[in-house]
Amino acid sequence: MPTNQTNQNSLENDGRNSSYLSSSDTFNTENNYTSNLGNHSSYTSNEATATSTYNSSDGYGLIDANKSVSEAAGTSPSSDVADQGGNNWGLDMINAPEAWNQGYTGQGVIVAVIDTGVDYNHQDLKNNMWTNTKEIAGNGIDDDGNGYVDDVNGWNFNDNNNNTLDDNGHGTHVSGIIAGENDGDGVTGVAYNSQIMSVKVLDASGSGSYDAIASGIRYAVDNGAKVVNLSLGGDYSNQTLQSAIEYADSKGVVVVMASGNDGRSKPGYPARYADKTGIAVGAVDENGKLTDFSNRSGNNQMAYVTAPGDNIYSSTPDNQYEYKSGTSMATPYVSGVVALMLSANPNLTVAEIRDIITSNANNSNSSTTPDTTYPDFGFGFFTIGDSSTLSVNNSSTKTSSYSLKSFSENNNFNNNSRILSKTSNSSTTTSPNIEFVHRNYLDSQPNSLANTPTDSNDDFGELINQIIKQLEEYQKLLGR
């Protein structure tokens, strides 16, 4: 592995977005900020009923592919097999080779990667890519009547076309962790015989709207995916996105969500919905220690497990490979395990999968919390702190456009350019237009907005303090 690298976090910024639905979807497109101080949707699903220990740091702990797959298949776990070693240490950590030894490698399972697209020509992915066999390529006709013309290789909800190639690298890296070929070269995926469905919802900078992501989830579900990988997220609850995740659950599709890279005491969104449905994922390093950047599980019990997410080697476009870190990288390990389970038993329900994974996870039984974190409320019009700056310009429009970004840390970071990206946000009033500019931060130097690192019983007081700080910073920006 590379040495002396500076691992940086791609901090994600979200908020409201413009309406954007696929032609086949009808649901409420109203997007709003939500405080969510214990307030959840009225949608109900079976809660995880695992017997393993849950704590506010790493939830149920490290996922175990061997035990989870054996329970899914109704057999005994495999005995130990030889480690893969080298760049495949993550597979060894989650006991994936033992799961393969049971005869299950993800065969027959489609995993949708809702992301920046996928390089479906990559040497480690091209034989494991889903294609829409009901569609005739290039004839300009919606042959299968699903509302999307020539979606042979999936659909691009960011640009509303059928070009799902990866122009960022993030989605291809995620896909390699799930389904890289087991050919002794490059990267081997957790479920190396599963198929990847490329659904592009994020642009070249790794940002995209909630509506695009929600539409992408629905597309994946309607076109045969059994697992949805969401290596993305942010600070705000969003009804459109939550509705899409609930739709997936109602159709028996498991949504696996990155907890986020802010070192916070709770997951971001949509991972926080794992208290009702889907699975939230935190990141551990090669020693099994929860990384400083990983958002913790929080006191509100949810289906939260951990997986390798530090310096993960995987595929990138043009037959390349890179090391990346983040909960974005941990999430596909869990998606891969779900694919293994479904190849062992395709009749498993979402509730059963959540229960099996959490009950067989290897919890460290540690109640430790991150050294420094953001107070976390799932609330706010903007976030201020060491990780972000705000700039103001005087233009305004009548549209509202915010963005959601991928949760990854790219090791190839230029220290001379601290700002990774910025997302322009349009105001709905005559107020100055605020641009959010989020910076990367070192894993070893997590950001802090307050001295309280964990969930507490005094959320309301912390919330007031947070609002005051935000207002003070905003006044400084306006020169007041």
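Keep in mind it's a predicted model, so treat the numbers as computed, not measured.

Colleague: Would you mind going over the sheet that holds strand β2 (residues 155-156) with me for this structure?
Modeller: Sheet strands line up and pair through hydrogen bonds in the backbone, either parallel or antiparallel. Taken in spatial order, the 7 strands make up an open sheet running β2-β3-β1-β5-β7-β8-β9, and their pairing is parallel. Because the sheet does not close on itself, it has two edges, and the strands there are β2 and β9 (304-308). When strand β1 (residues 110-115) meets strand β3 (residues 195-200), the two strands line up parallel, connected through 6 bridges. By the bridge assignment for β3, valine 111 is matched with isoleucine 196. Along the sheet, helix α7 (residues 327-344) makes contact with β1, β5 (227-230), β7 (254-258), β8 (279-284) and β9, crossing β8 at roughly 125 degrees. Sitting on the sheet, helix α8 (residues 350-360) touches β7, β8 and β9, and the angle it makes with β8 is about 25 degrees.

Colleague: How should I be thinking about the environment of aspartate 64 in this particular structure?
Modeller: Structurally, the position occupied by aspartate 64 is in the segment before α1 (65-73). The class for aspartate 64 is buried, based on a relative accessible area of 3%. In sequence terms aspartate 64 and alanine 307 are 243 residues apart; their C-alpha atoms lie 9.1 Å from each other. Residues in contact with aspartate 64, not counting those within four places in the same chain, are Ile94, Asn95, Asn360 and Asn362. For aspartate 64, the side chain forms a polar contact with the side chain of asparagine 362, separated by 3.3 Å.

Colleague: Quick question: what am I supposed to make of the pairing of β9 here?
Modeller: Within a regular strand, the side chains alternate between the two sheet faces. Among the 5 residues of β9, 5 are classified as buried, and the element is accordingly described as predominantly covered. Sheet analysis places β8 next to β9, joined by 5 bridges and oriented parallel. Within β9, the position partnered with glycine 282 by the bridge is threonine 306.

Colleague: How should the nonpolar core be read in this particular structure?
Modeller: The nonpolar side chains of a soluble globular protein tend to be buried with one another. Grouped together as the largest cluster of nonpolar side chains are 97 residues, with contacts concentrated most on Ile217 and Leu230. What isoleucine 217 contacts, discounting residues up to four positions off in sequence, is Ile114, Val228, Leu230, Leu241, Ala244, Ile245 and Ala248.

Colleague: What should I look at first to understand the pairing of β7 in this one?
Modeller: Judged by how many residues are buried, β7 sits mostly within the fold: 5 of 5 residues are covered. Residues Val254, Val256 and Ala258 point to one face of β7 and Val255 and Met257 to the other, with burial holding for every one of them. Inspection of the sheet shows β5 paired to β7 by 4 bridges, in the parallel sense. Bridging across to β7, valine 227 finds its partner in valine 254. Pairing geometry for β7 and β8, over 3 bridges, is parallel. The residue of β8 that forms the bridge with alanine 258 is valine 281.

Colleague: Looking at this model, I keep getting lost on the confidence of the model for the protein chain. Mind explaining?
Modeller: In low-pLDDT regions, the fine details of the predicted coordinates are not to be read closely. Overall, the prediction assigns the protein chain a mean pLDDT of 76, with 66% of residues at 70 or greater. For residues 365-403, every residue scores under 50 in pLDDT, and the model assigns this stretch 156 contacts once sequence neighbours within four places are set aside. In the model, residues 410-458 has pLDDT below 50 throughout and makes 157 contacts with residues more than four positions away in sequence or in other chains.

Each value, and the rule that gives it
- Residues numbered from 1 in each chain as written.
- Predicted model: local features only at pLDDT ≥ 70, side-chain atom pairs only at ≥ 80, totals over all residues.
- Heavy atoms only, no water.
- Pairing = 2+ DSSP bridges.
- Helix = DSSP H or I, 4+ residues; strand = E, 2+ residues; numbered from the N terminus.
- Contact = heavy atoms within 4.5 Å.
- Axes fitted to C-alpha atoms, helices over the stretch in contact; angles between N-to-C directions.
- Buried < 20%, exposed > 50% of the residue type's maximum accessible area, 1.4 Å probe, protein only.
- Polar contact = N/O pair within 3.5 Å; in protein donor to acceptor, adjacent residues only side chain to side chain.
- Core = buried A, V, L, I, M, F, W, Y, C linked by side-chain atoms within 4.5 Å.
- pLDDT = per-residue confidence, 0-100.

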